[in-house]
Amino acid sequence: MPGLALLRPEPLPAAAARDAAPVVVMKFGSSVLAGPADAPAVASDIYAEVRRGRRVIAVVSAFAGETDRLLAEARALGLAHDNPLLPAYVVQGEERSAALAALACDRIGLSATTLSVRDLGIAAEGPGEHARPVALDRAALDRALDRHEVVVVPGFGAVATDGRVVLMGRGGSDLTALFLAAELGLDHVQLVKDVDGLYDRDPNADPGARRYDRASWAEAKALGGGLVQPDALDLAEARRLRVEVRNHADGHRTVIGAGSAPPRPVQPSRPLKVAVAGCGVVGGGALARLIADRRVEVVGVLVRDPARPRDVPGVSAEALAPLLVSDIPALLDREPDILLEALSEAEAGHALIRAALQRGVDVASANKQAVSRDPAGLLALAEAHGARLLWSASVGGGAPMVEALRAARAQGPVAGFEAVLNGTVNFMLERLGDGASFDAALAEARAAGFAEEDPSSDLEGLDAAAKVRLLAFEAFGVMPDEADIPRDILSADSPPAGGARQLCRCRMDNGRLVAEVRLVTDAMDPLFAALRGEENALKVIAADGSAVRRRGRGAGRWATAESLLADLSDLAARRLALRNA
Ligand code: NDP
Ligand code: HSE
């Protein structure tokens, strides 16, 4: 019978909430959110900010061509273009893309919501198609930010004093973003575009165009070109707001603000070469995103059996075939800059990571059994060869738990942590509570891609124990041995009572690490009791008693692939910085 009580060597200090995360406003126009297929890339940009510990207000435009289509539909009724009811029809374009961007955020485990133009609370005055924002009723936005990491809002629209929806001029979503940031007292806004900054000429038409690192508001306005709406630049200057113009790559950005510097020629750079190990749930998800990404070139994919059919959305068997290899030297001979490692075997994963690092290849791994064997040794190997190793995807799926622990540790000593770290078990406990049979619940978890290749690792708490070891390494720099982590087993013979959670606890007790993986039904933080399906959560308790909490999708294709891709972005940024140094 699984133990239903937690080992409590000593109570952890009472946990007080830390300050709410800072807010950043990001704006996505129709050049980067041209249609539904672009929503995952937008969610990735948002995820990167949440992973840095921020809450995001994402302002979106309508999909490309959507505003014109809606205008044409309305005008087909034969009404004048300035009909006062027309804006309410047109802003459905922005509301639609906001809803889809929020869905894409939810898919990767971000807590996201949307507001309509009316809920957002921007009051505007002036002509119905070119109104000016004058006030913000923050109530709904503040409420949404209290409850969610991400609030996606429609740009372009506002509400006039008579209660009608109005528009804020073409390109008005820039103005929405700037106005929100100013009213919230922020000092900058990120405008995510299809170019990596402000150029002195159109870089698509003229490869000799020079790029600004910094430009004044006036310079940006004088350059024109429609990159940033002029009304928005006026507002930025009046409210002393920095405007960062960047693209998805999260590499270069032009800062438009008080200072300026002459533009410089841009060195052409080749795409980074990326190898992927594993083409199952996680590797296949990462691959689907990478193949469509112009910033990288996928050079090889390691599998056991190249003849096996693959489920990689958007990638045909013919396109995949030349990439597939079945041994480590063949993969590394393709000379990747970066390796994404998502093998289901610990031994093979560990050997591959070592071989890659020895060649100076950066590695991001989702394979917790591989990296938790000897994280200190692997990091030392990486350093010796000028490479880097990241493992965010190994713990918590898409929930940025490793980052949360690192951030907490950077603020002061950590006393301990509590966590739900296995998506399969959490999912199964819920299904068992709903009355499903053990076998049916396990079969569902496997079909959803949550369970390990050998699910006994999930059921016996070995998967969670490996994650506890990695988190302990992050928190304390040392790890408990697997044999020293007592574990309860989830089995068909002794299913726990309803509401149970597989709860991991770890603390430093007089210089000795104490850790456990238990099935518990009571005495748990409401954070854990509230988890649904494959969700995971972490509560880090600092020595001063304050606590940081993280929650997200702990398993599954898209959430885990997102975490791997975020590590890839960090590794790529470092590679590019080294190249440009
Ligand atoms: P899958 O079983 O779906 O895929 C595993 C892949 O690894 C397969 O493509 C398999 O090749 C390949 N593989 C395994 N061993 C070898 C080997 N020795 N040589 C070459 N290829 C090999 O696993 P997942 O994608 O679910 O998981 C991958 C890793 O990510 C695991 O370490 C897991 O713990 C971790 N992870 C998984 C999560 C999830 O939700 N699924 C979440 C977070 C982490 P082939 O297809 O030919 O058999
Ligand atoms: N099998 C693991 C789980 C995958 O269910 O949590 C995520 O690490």
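Please refer to the structure placed before this passage.
Since this is a predicted model, take the numbers as computed values, not measurements. (Residues numbered from 1 in each chain as written. Chains lettered and ligands numbered in written order. Predicted model: local features only at pLDDT ≥ 70, side-chain atom pairs only at ≥ 80, totals over all residues. Heavy atoms only, no water.)

Asker: I'd love a proper account of the packing of helix H13 (residues 346-358) against helix H15 (residues 375-384), names of residues and values included.
Answerer: Geometrically, a packed helix pair is captured by the angle between its two axes and the distance between the axes. Taken N-terminus to C-terminus, the directions of H13 and H15 make an angle of 25 degrees; their axes are 8 Å apart at the nearest point. In terms of orientation, H13 lies roughly parallel with respect to H15. Residues His350, Ile353, Arg354, Leu357 and Gln358 of H13 form the contact with H15, whose participating residues are Leu378, Leu381 and Ala382. When its residues are assigned to classes, the contact of H13 with H15 shows 5 nonpolar, 2 polar and 1 charged. (Axes fitted to C-alpha atoms, helices over the stretch in contact; angles between N-to-C directions. Helix = DSSP H or I, 4+ residues; strand = E, 2+ residues; numbered from the N terminus. Parallel < 35°, antiparallel > 145°, perpendicular 65-115°, else oblique. Contact = heavy atoms within 4.5 Å. Nonpolar A, V, L, I, M, F, W, Y, C, P; charged D, E, K, R; others polar.)

Asker: Please give an account of the sheet that holds strand S6 (residues 132-136) that cites residues and values.
Answerer: With mixed pairing, 4 strands are arranged side by side in an open sheet as S6-S5-S8-S9. On the outer flanks of this sheet lie S6 and strand S9 (165-167), each paired with one strand and no other. Across the sheet, the mean angle from the axis of one strand to that of its neighbour is 55 degrees, orientation sign disregarded. Relative to S6, strand S5 (residues 122-125) runs antiparallel, the two being bridged by 4 bridges. Along S6, the bridge assignment pairs Ala124 with Pro133. The sheet contacts of helix H7 (residues 172-183) involve S5 and S6, and relative to S6 the element is tilted by about 30 degrees. (Pairing = 2+ DSSP bridges.)

Asker: Any details on the pairing of strand S22 (residues 414-420)? Residues and values, ideally.
Answerer: Of all the 7 residues making up S22, 7 are buried; the element is thus mostly covered by neighbouring parts of the structure. Inspection of the sheet shows S22 paired to strand S25 (residues 535-542) by 6 bridges, in the antiparallel sense. Paired with Glu418 across the strands is Lys539, a residue of S25. As paired strands, S22 and strand S23 (residues 501-509) are joined by 4 bridges and run antiparallel to one another. In the sheet register, Glu418 faces S23, and the bridge partner there is Arg505. (Buried < 20%, exposed > 50% of the residue type's maximum accessible area, 1.4 Å probe, protein only.)

Asker: Go over the sheet that holds strand S4 (residues 112-114), please, and point to the residues and values.
Answerer: Strand order in the open sheet made by the 8 strands is S4-S7-S3-S2-S10-S13-S14-S12, with mixed pairing throughout. Two strands in the sheet have a free side with no partner beyond their single neighbour: S4 and strand S12 (214-216). The sheet shows a mean angle of 25 degrees between the axes of neighbouring strands, direction not considered. The sheet contact formed by strand S3 (residues 55-60) and strand S7 (residues 150-154) spans 5 bridges and is parallel. The partner of Ile57 across the bridge, within S7, is Val151. Contacts from H7 reach strand S2 (23-28), S3, S7, strand S10 (188-193) and strand S13 (242-247) within the one sheet, and its direction differs from that of S10 by about 155 degrees.

Asker: Mind laying out the side chain of Thr254, listing which residues take part and the relevant values?
Answerer: Following the sequence through the fold, Thr254 ends up in strand S14 (residues 253-257). Its relative accessible area of 0% is what places Thr254 among the buried residues. At a separation of 2.8 Å, a polar atom in the side chain of Thr254 contacts the main-chain amide nitrogen of Leu198. Within polar-contact distance, the side chain of Thr254 engages the backbone oxygen of Tyr212 at 2.6 Å. Apart from residues lying up to four places away in sequence, Thr254 is in contact with Asp196, Gly197, Leu198, Arg211, Tyr212, Asp213, Arg214, Ala215, Val243, Glu244 and Val245. (Polar contact = N/O pair within 3.5 Å; in protein donor to acceptor, adjacent residues only side chain to side chain.)

Asker: Got a sec to walk through the site of ligand 1? Specific residues and values, please.
Answerer: Looking at ligand 1, there are 25 residues lining it, with Arg308, Arg310, Lys368, Glu452 and Gly556 nearest. One of the backbone nitrogen or oxygen atoms of Ser344 is found 3.5 Å away from an oxygen atom of ligand 1. Note that an oxygen atom of ligand 1 is positioned 2.6 Å from one of the side-chain N or O atoms of Lys368. When ligand 1 is considered free in solution it has 900 Å² of accessible area, and contact with the protein chains removes 91% of it. In terms of residue class, the shell around ligand 1 is made up of 11 nonpolar, 7 polar and 7 charged. Mapping the shell around ligand 1 onto the domain boundaries places at least three of its residues in each of domain 2 (272-395 + 560-580) and domain 3 (401-555). (Near = heavy atom within 4 Å. Areas by Shrake-Rupley, 256 points an atom, 1.4 Å probe, with all protein chains shown as cover. Domains from an automatic or database assignment.)

Asker: Go over the site of ligand 2, please, and point to the residues and values.
Answerer: In the region of ligand 2, 13 residues are neighbours, and Gly423, Thr424, Phe450, Glu452 and Asp458 sit closest. Take Gly423: an N or O atom from its main chain is 2.7 Å from an oxygen atom of ligand 2. A distance of 2.7 Å separates a nitrogen atom of ligand 2 from a polar atom in the backbone of Phe450. With the chains in place, 93% of the 260 Å² that ligand 2 exposes on its own is no longer accessible. Put simply, the parts of the chain that give the shell around ligand 2 at least two residues each are helix H17 (423-433) and helix H20 (462-476). Here the residues of the shell around ligand 2 are counted per class, giving 4 nonpolar, 4 polar and 5 charged.

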